[in-house]
Structure formats: C-alpha cells, structure tokens
Amino acid sequence: MTAELQLAGELNRLSQLMTRPFLRLHSEKHAISLAEWRALVQIVAAPGITATEICSRTGLTAMNVSRAVQLLRAAGRVTGERDTQDSRRNLLTATPQGRTLFDELAPSAERDIREILSVLNTDELAFFTALVTRVAAHADRTQDP
C-alpha cells in the first residue's frame with residue numbers, strides 16, 4: 001500500500017473515530033443524524049449560511065446537506081428565508097430550539113474531540129490543524145466542482 005492510500009485511510013478512520021461518541025451518545029437520544037449535526041454546527045457558526053456553503057465547509061454532498069436541512073427544518077431546528085439579493089439562495093438560521101440543542105450537545109462533542117486530540121501538545125495541534133487546513137484548501141481548488 002502506498003503512503004498516500006494509508007494516509008487517506010487513517011484520515012477517514014480518524015474522522016469516524018471522532019464522530020463515534022456523538023453517534024453513540026446523542027444521535028438517537030436527540031433524533032439527530034451526524035449530517036444534521038454537522039449542518040447545524042455550520043448554521044449556528046454562520047447564521048444566514050446557504051446549503052452550498054455548508055457543503056463547502058463540511059465536505060458533505062449537496063444531497064446529504066439538502067436532506068439534513070430538510071430534516072432540521074421539519075424538526076423546527078432551523079428556518080430558511082429567501083435571499084433578497086438572489087431568490088435562488090435560501091439563508092439558514094437556527095431557531096431557538098436548534099440553538100438550545102446545539103448549546104446542549106456542543107460541549108460534549110468538543111470534549112470528545114479534545115480527548116482524541118489530547119495526544120498532541122499545543123504546538124503539534126496547531127501544526128496538525130494548519131497542515132490539514134492547507135491540504136483541504138488545495139483539494140478544494142483542484143477538485144472538479
């Protein structure tokens with residue numbers, strides 16, 4: 001196996017391991033999927049975000065984001081309104097119920113991720129983050145739309 005394939009496998013495994021506690025502890029209890037959670041995190045972080053921007057920030061497919069947003073809206077966790085500048089765009093915002101859910105789940109999710117990353121010291125974590133961010137940005141620029 002090449003180093004590149006091994007790295008891709010390890011990054012995928014790490015992503016799965018980072019989300020496992022969320023799925024185990026929160027998904028069923030709060031009736032929220034991982035895709036919905038990832039979308040909600042982006043909506044809370046950037047009120048007025050579009051589904052296209054969520055795709056870009058998360059790497060989720062348009063179909064997965066569309067379904068997640070539909071489910072979040074149906075559950076009363078987010079609302080959307082047409083952009084007055086571009087009626088094709090729907091600007092998403094967390095409802096009070098969505099924000100409350102985020103506030104309840106985020107500390108646990110952050111703690112679980114922090115625990116996984118605790119094997120890195122502060123400098124290593126900053127370096128790792130910078131490397132992953134740089135590689136992801138390069139992939140965004142070079143991948144087919």
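What this report covers is the structure whose coordinates are included nearby.

## Quick notes on the packing of aromatic side chains
So, step 1. All told, the structure shown has two aromatic pairs when counted by the stated rule.
So, step 2. Centre to centre, the rings of Phe22 and Trp37 are 5.2 Å apart; their planes meet at 25 degrees, and the pair counts as stacked. Linking Phe22 in helix α1 (residues 3-30) with Trp37 in helix α2 (residues 34-45), this pair joins segments that are 15 residues apart in sequence.
So, step 3. Taken together, a centroid distance of 5.7 Å and an interplanar angle of 20 degrees make the contact between Trp37 and Phe102 stacked.

## Looking at unusual backbone geometry
Residues other than glycine predominantly adopt negative phi, and peptide bonds predominantly adopt the trans conformation.
So, step 1. One non-glycine residue, Ala31, lies in positive phi territory at about 50 degrees.
So, step 2. Its location among the elements puts Ala31 in the loop between α1 and α2.
So, step 3. A relative accessible area of 56% places Ala31 in the exposed class.

## Here's the deal with helix α6 (residues 122-142)
So, step 1. Helix length check: α6, at 21 residues, gives a terminal C-alpha distance of 30 Å against a target of 30 Å (1.5 Å per residue), a fit within 8%.
So, step 2. The backbone nitrogen of Asp123 has a side-chain oxygen 3.0 Å away, supplied by the residue at the start of α6, namely Asn121.

## Some thoughts on the nonpolar core
So, step 1. In terms of nonpolar packing, the biggest core is built from 24 residues, with Ile32, Trp37, Leu40, Ile43, Ile54 and Leu72 touching the most fellow members.
So, step 2. Looking at this core, the elements that each hand over two or more residues are α2, α3 (51-58), α4 (62-74) and α5 (96-117).
So, step 3. Top contributing element to this core by residue count: α2, with six residues.
So, step 4. Other than its neighbours up to four places away in sequence, Ile43 contacts Ile49, Ile54, Leu72, Val78, Leu92, Thr93 and Ala94.

## Description of a nonpolar patch on the surface
So, step 1. A surface patch of nonpolar side chains, amounting to about 390 Å² of accessible area, comprises Leu7, Leu11, Leu125, Phe128 and Val132.
So, step 2. When residues of the nonpolar patch are traced back to their parent elements, those giving at least two are α1 and α6.
So, step 3. The element that contributes the greatest number of residues to the nonpolar patch is α6, accounting for three residues.
So, step 4. For Leu7, the position within the fold is in helix α1.

## Concerning the side chain of His26
So, step 1. Along the chain, His26 falls in helix α1.
So, step 2. The class for His26 is buried, based on a relative accessible area of 10%.
So, step 3. Look past the residues within four positions of His26 in its chain and what remains in contact with it is Pro21, Ala31, Ile32, Leu105 and Ser108.

## Some thoughts on the pattern of salt bridges
So, step 1. On inspection of all chains with the given rule, the structure shows four salt bridges.
So, step 2. Across the pair Arg89 and Asp83 runs a salt bridge, and its minimum N-O distance is 2.9 Å.
So, step 3. Overall, the relative accessible area of 12% leaves Asp83 in the buried class.
So, step 4. Measuring nitrogen to oxygen at the nearest pair gives 3.0 Å for the salt bridge that ties Asp103 to Arg99. Here Asp103 and its partner Arg99 are both found in helix α5, four residues apart, which amounts to about one turn of the helix.

So, how was this worked out
Residues numbered from 1 in each chain as written. Predicted model: local features only at pLDDT ≥ 70, side-chain atom pairs only at ≥ 80, totals over all residues. Heavy atoms only, no water. Phe/Tyr/Trp six-rings, centres within 6.5 Å; stacked < 30°, edge-to-face > 60°. Helix = DSSP H or I, 4+ residues; strand = E, 2+ residues; numbered from the N terminus. Buried < 20%, exposed > 50% of the residue type's maximum accessible area, 1.4 Å probe, protein only. Expected span 1.5 Å × (residues − 1). Polar contact = N/O pair within 3.5 Å; in protein donor to acceptor, adjacent residues only side chain to side chain. Core = buried A, V, L, I, M, F, W, Y, C linked by side-chain atoms within 4.5 Å. Contact = heavy atoms within 4.5 Å. Patch = residues over 30% accessible without salt bridge, like charges linked within 9 Å, V, L, I, M, F, W, Y side chains within 5 Å. Areas by Shrake-Rupley, 256 points an atom, 1.4 Å probe, with all protein chains shown as cover. Salt bridge = Lys/Arg side-chain N within 4 Å of Asp/Glu carboxyl O.

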